[in-house]
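Inside the fold
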Amino acid sequence: MATLVMSQAPVGGFSFENCKRNAVLEGEANKVGCSMPAARKTGTTICGVVFKDGVVLGADTRATEGMIVADKNCSKIHYISPNIYCCGAGTAADTEMTTQIISSNLELHALSTGRLPRVATANRMLKQMLFRYQGYIGAALVLGGVDCNGPHLYSIYPHGSTDKLPYVTMGSGSLAAMAVFEDRYKPDMEEEEAKQLVRDAIAAGIFNDLGSGSNIDLSVITKGKVDYIRPHDEANKKGVRVNELEAMQLTGDYKYKRGTTGVLTKLVTPLNLELVEETVHTMDTS
Amino acid sequence: SMLKETGPEWLSEEVKTGTTIIAIEFDGGVVLGSDSRVSAGSSVVNRVMNKLSPLHDKIYCALSGSAADAQTIAEMVNYQLDVHSLEIDEDPQVRSAATLVRNISYKYKEELSAHLIVAGWDRKNKGQVFATLNGLLTRQPFAVGGSGSSYVYGFVDAEYRKGMNKEECQQFVVNTLSLAMNRDGSSGGVAYIVSIDEHGTEEKVILGNDLPTFFDQ
């Protein structure tokens, strides 16, 4: 039986067919009283600063889904290469995948050039990818690292524009963090000074922005060394619930102590096995 | 108090360079000038951006409009000019650079929202300024662009004189930028000036409080 096939010339650009489908599904879900899950955004305060010997990157650790905290301790400082790290704000999936893709491509590039990757290269790759997607990838990044030309810090926006600056902040808490930077930034700071400044900037975001919270992660990148400090500051430690009557911790061990279940008899039978044959198969890595 | 659900502005608002840009020819070269403010909605995301981007040693372009679009066009043309100058084995003409910018601006005019002014010096035609708004290509004695330019059309039309020398052009550019930055909310920060002539390229920064002051009640 012949099937009629309508051949349509391929139309370029994005297909938004699924948007119609999603709208219909959302309507049906609302009719029964449910709601569609929202894309998880990281709320966020992220920032970076260039100091005398390198860069310090900082981030909070709260991931929000609407007004609910989805993850109290998520990691927003992503690995790009041994000397380059990237903080991500915006849609969590977008920042995660974008940084992983560029990290992978950069590793191949570094193997091809035979050199340690440069921050400007990572910046170009990220901005060209984000521009290609015209802002639909909601990733706003703070990229920092140390290469053969010294320490570098870039901020990268979802539409693909970048700024190269000595200090940058991003995320919903960026205004609070920038206020701290504009007050206390000095060029050529020492490492401890820079760490304290970044810590204070993230803290300003955590305590003054609803979308940011929990702990402060830091990443100190210098020539030949990376200090991934997670967490640097447990700014919001959960309190301990105590049963006042018995002075016992309510939250705690859920393992049953040995002796809870009475043992009546015990019989141990060793299984004697004889080694018959031993072979080693090597993997073909050619 | 009302909780703003829409989130940070830079996620929804595209980053624009707001901007005032200007370029002017003089006998023997050109002077370009720009402000340094980059805004996303009502938030300033970069207060020291240099919007005068080099396309080649003696050819610069001034960026305005969408930051991502303008940066991308400038970087693409920089690459294309590098290849072109290797092919012809000499420094490229300013008209070639402007044509490359115009070709991108015209082909993608529905998708892009950036305006670049191209200016530079070459041996054949000395100093030249080209406007590439909306995909046209026109050589002009001077050109202004960006959101701040609307406030200074009257000033530049009244104050421009033919035959100004380099110093007079630099003063003209600084005065224009200062006036525009004072009136346009999307322009501000510091002023960047680039002067190009046969001897070389000179980049200067003028900090906020060193800019000339006019009537300011």
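Residues numbered from 1 in each chain as written. Chains lettered and ligands numbered in written order. Predicted model: local features only at pLDDT ≥ 70, side-chain atom pairs only at ≥ 80, totals over all residues. Heavy atoms only, no water.

To keep things clear, this is the line we draw: UniProt positions are given in the numbering used here, feature names are shortened, and annotations may be inferred rather than shown by experiment.
With an unreviewed UniProt entry as reference, chain B is termed Proteasome subunit beta, source organism Sander lucioperca. Database annotation for chain B, UniProt heading Catalytic activity (unreviewed entry): "Cleavage of peptide bonds with very broad specificity."

The name given to chain A in an unreviewed UniProt entry is Proteasome subunit beta, with the source organism recorded as Sander lucioperca. The record in UniProt for chain A states the following under Subunit (unreviewed entry): "Component of the proteasome complex." Reading the Catalytic activity (unreviewed entry) entry of the UniProt record for chain A gives the comment "Cleavage of peptide bonds with very broad specificity."

A few points about the overall build of chain A
Convention followed: Helical segments are the DSSP runs of H or I of at least four residues, strand segments are the runs of E of at least two, and each set is numbered from the N terminus. Residue contacts are counted whenever heavy atoms from the two residues lie within 4.5 Å of one another. To be clear on the numbers: accessible area is Shrake-Rupley with a 1.4 Å probe, and residue cover counts the displayed protein chains and nothing else.
Across its full length, chain A holds five helices and 14 strands. Sequence-distant contacts in chain A: of pairs separated by 6 or more residues, those separated by 24 or more amount to 60%. Working note: accessible area of chain A is about 18,300 Å², and carbon and sulfur atoms make up 55% of it.

Let's talk about the UniProt feature "active site" (unreviewed entry) in chain B
Taking the UniProt record as the reference, the feature "active site" (unreviewed entry) is found at B:Thr19. Those residues in contact with B:Thr19 that sit more than four places away from it in its chain are B:Asp35, B:Lys51, B:Leu63, B:Ser64, B:Gly145, B:Gly146, B:Ser147, B:Gly148, B:Asp184, B:Ser186 and B:Ser187.

Re the sheet that holds strand β2 (residues 29-34) of chain B
All names here are of chain B. The line we're drawing: Here, any two strands with at least 2 DSSP bridges between them count as paired. Lines fitted to C-alpha atoms define the axes here, with helix axes fitted over just the stretch in contact, and angles between the N-to-C directions of these axes take values from 0 to 180 degrees.
Sheet architecture is open: five strands sit in the order β10-β1-β2-β11-β12, paired in antiparallel fashion. Unpaired on one side and paired on the other, β10 (142-145) and β12 (200-206) mark the two borders of the sheet. If you compare each strand with its neighbour and ignore which way they point, the axes differ by 10° on average. Sheet topology places strand β1 (residues 21-26) next to β2; six bridges connect them, and they run antiparallel. Counted as the bridge partner of glutamate 25 is valine 30 from β2. Sheet strands in contact with helix α5 (residues 166-183) are β1, β2, β11 (191-197) and β12, and its direction is about 165° off that of β1.

What about the pattern of salt bridges?
What counts is decided by this rule: When a carboxyl oxygen of Asp or Glu lies within 4 Å of a side-chain nitrogen of Lys or Arg, that pair is called a salt bridge. The buried label applies to any residue whose accessible area, calculated with a 1.4 Å probe on protein chains only, is under 20% of its type's maximum; exposed applies above 50%, and partly exposed to all values in between.
In this structure the tally under the stated criterion is 18 salt bridges over all chains. B:Glu75 serves as the salt-bridge partner of A:Lys127, at 2.5 Å between the closest nitrogen and oxygen. Here A:Lys127, found in helix α3 (residues 119-132), pairs with B:Glu75, found in helix α2 (residues 67-88), and the two come from separate chains. According to the relative accessible area criterion, B:Glu75 is partly exposed, its value standing at 22%. With a closest N to O distance of 3.5 Å, B:Arg161 and B:Glu168 form a salt bridge. Judged by relative accessible area, which is 42%, B:Arg161 ranks as partly exposed. With a relative accessible area of 34%, B:Glu168 lands in the partly exposed category. A cluster of three or more residues bridged by salt bridges with shared partners is formed by A:Arg184, A:Arg199, A:Asp200 and A:Asp233.

Re the nonpolar core
Defined as follows: Residues belong to a common nonpolar core when they are buried Ala, Val, Leu, Ile, Met, Phe, Trp, Tyr or Cys residues joined through side-chain atoms within 4.5 Å.
Counting 43 residues, the largest nonpolar core has A:Val142, B:Leu55, B:Ile73, B:Leu116 and B:Val118 as its most contacted members. The element contributing the most residues to this core is α2(B), with six residues. Counting residues in each nonpolar core, the second largest holds 21 residues, with A:Cys47, A:Val180, A:Tyr185 and A:Leu218 among its members.

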